Amino acid sequence: MFDERIVASFDDKETPFYYYDLKLLNQTLKECRSAAEGHKFHIHFALKANFNQKVLAAVKANGFGADCVSGGEVKKAVEVGFDKKQIVFAGVGKSDAEINFALDNDIFAFNVESVQELEVIDQLATAKNKKASVAIRINPNVDAHTHHYITTGLDENKFGINSWDLPLVYDTLKSCRNLEFLGIHFHVGSQILDLNVFKSLCIKVNEMQQWFEERGMPVKVLNVGGGLGVDYQNPDENAIPDFKSYFQIFADFLNIKPHQEVHFELGRALVAQCSSLISKVLYIKNGIKKNFVIIDAGMTELMRPALYQAYHKIENVSRMVEGKGFKAEGELNLIPHTSYLSYDVVGPICESSDCFGKGVEMPETKRGDLIALRTAGAYGEVMASAYNLRPAIKHVYSEE
Ligand SMILES: *Cc1c(COP(=O)(O)O)cnc(C)c1O
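Residues numbered from 1 in each chain as written. Predicted model: local features only at pLDDT ≥ 70, side-chain atom pairs only at ≥ 80, totals over all residues. Heavy atoms only, no water.

## Some words on the overall build of the protein chain
The helix and strand tally for the protein chain stands at 11 helices and 19 strands. Radius of gyration (C-alpha) of the protein chain: 23 Å, near the 21 Å computed for a compact globule of 400 residues. Each of the three principal axes of the protein chain carries a C-alpha extent, and together these read 75 × 45 × 40 Å. Residues counted as buried form 54% of the 400 residues belonging to the protein chain. Counting contacts in the protein chain only where the partners sit at least 6 residues apart, residues at least 24 apart contribute 70% of the total. (Helix = DSSP H or I, 4+ residues; strand = E, 2+ residues; numbered from the N terminus. Rg over C-alpha atoms; globule rule 2.2 N^0.38 Å. Buried < 20%, exposed > 50% of the residue type's maximum accessible area, 1.4 Å probe, protein only. Contact = heavy atoms within 4.5 Å.)

This is the structure in structure tokens:
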């Protein structure tokens, strides 16, 4: 991904910054879209993964809808110009103001996460003399086998409505006159690479839609959420996820009726690989047991490692030559440099968890070298914080 021309273009840029490869982003979006089109699947992009202006513009231009988990995201989606009839809104804690904003904008669906929320949406819709379209988010009790902080579909999680509460949901839907039942919604977790998880989900979705249809409630929308993972270890070899195999699972295992639409909410899979956090080495600290590389980006710019022990591939791009390994200072570019050292790569923030990687093998690294934290396009920039009074994060974009 980083040839010498790109690295040279970083010379005059102030670090740290997110570097966006817009060409890769567009390729990823196109592949996803064409894989989905064959099945007539609808894709909503999960804004919480990345709401960078240029990213959203590319997502919208490729015909995707928006998946929002806050009123702020619904507002952003509307402002950016997403088709309102392609906006869905989930979240366990929607405030009255957020619900009202979404009602005023006639979004496609509220993905509702509790019986009480159904009643509140009905009341607020009644006050506006409107009908709110709702999908019931059901907790499928499917284990996504990912980190426990990003698993959402188990009985013990706060998300969705548990299946034993469905009779109450049914009664509530029957008694609420300003709700229109669209269908059912699921989201089992994130960074899922084992496609069997999605097979299990399909089986659950089939059971649940039957439950509603048996009670005379047609299910028009099957929304299976997102969660498809990416290859954090090999960002160059697997830059674009295997969307074909992913969608094929749903085509094969979901019981899709002619009157039904299938919706997806992908975040990470669409944007993770298109961005790297670029940072400069401030200091090298050689300890007895460890060598530290201290860089000018911290958990304030990329929180995933500190938050859920996430792995990001770390590269010294200043000493990298495309296809030739690495070079040492003063050597010709053509000579592969073999002297690798082991480093702990850490940020400047006053927290011990502000560490991007331990025992990272890199060519001998010097002050001023540029370090890339790869696969940072999803849940990276969006989580940036001002802790330690850090300045706002910057971006650099590739040519398209
Ligand atoms: C976060 C989220 C998504 C997207 O998850 P990814 O793992 O990024 O694909 C989809 N739907 C809902 C409801 C979410 O909260």
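## A word on the packing of helix H7 (residues 166–175) against helix H8 (residues 196–214)
Running from N to C, H7 and H8 cross one another at 45 degrees; their axes reach a closest spacing of 12 Å. If you check the angle between H7 and H8, you find them oblique. The handedness of the crossing between H7 and H8 comes out as right-handed. Across from Leu-166, Pro-167, Tyr-170 and Leu-173 in H7, the residues of H8 making contact are Met-208, Trp-211 and Phe-212. (Axes fitted to C-alpha atoms, helices over the stretch in contact; angles between N-to-C directions. Parallel < 35°, antiparallel > 145°, perpendicular 65-115°, else oblique. Left-handed = near helix turned anticlockwise from the far one by under 90°.)

## Overview of helix H9 (residues 243–253)
Those residues of H9 not exposed but buried are Phe-243, Tyr-246, Phe-247, Ile-249 and Phe-250. For H9, the angular spread of the buried residues around the axis is 140 degrees, confining them to a single face. Facing away from the buried side of H9 by over 90 degrees, the exposed positions are Lys-244 and Asp-252. Packing partners of the buried residues in H9 comprise helix H2 (22–37), strand E2 (42–46), H8, strand E10 (261–266) and helix H10 (268–271). (Arc of directions from axis to C-beta.)

## As for the site of the ligand
In the neighbourhood of the ligand, 15 residues make up the surrounding shell, with Lys-48, Ser-190, Glu-265, Arg-268 and Tyr-379 lying closest. A distance of 2.6 Å is found between an oxygen atom of the ligand and a side-chain nitrogen or oxygen belonging to Tyr-379. Across the complex, the protein chains shield 95% of the 390 Å² of accessible surface that the ligand would expose by itself. Among the residues making up the shell around the ligand, the classes are represented as five nonpolar, five polar and five charged. (Near = heavy atom within 4 Å. Polar contact = N/O pair within 3.5 Å; in protein donor to acceptor, adjacent residues only side chain to side chain. Areas by Shrake-Rupley, 256 points an atom, 1.4 Å probe, with all protein chains shown as cover. Nonpolar A, V, L, I, M, F, W, Y, C, P; charged D, E, K, R; others polar.)

## Focus on unusual backbone geometry
Apart from glycine, the bulk of residues carry a negative phi angle, and the bulk of peptide bonds sit in the trans form. Between Thr-15 and Pro-16 the backbone carries a cis peptide bond, its omega angle lying at -5 degrees. Its location among the elements puts Pro-16 in the loop between helix H1 (4–9) and strand E1 (17–20). Despite not being glycine, Lys-40 has its phi angle at roughly 60 degrees, a positive value. Of note, Lys-40 is situated in the loop between H2 and E2. At Thr-375, a residue that is not glycine, the phi angle is positive and equals roughly 55 degrees. When you line up the elements, Thr-375 lands in the loop between strand E18 (370–373) and strand E19 (394–397).

By themselves, these figures tell us nothing about what the structure is for.
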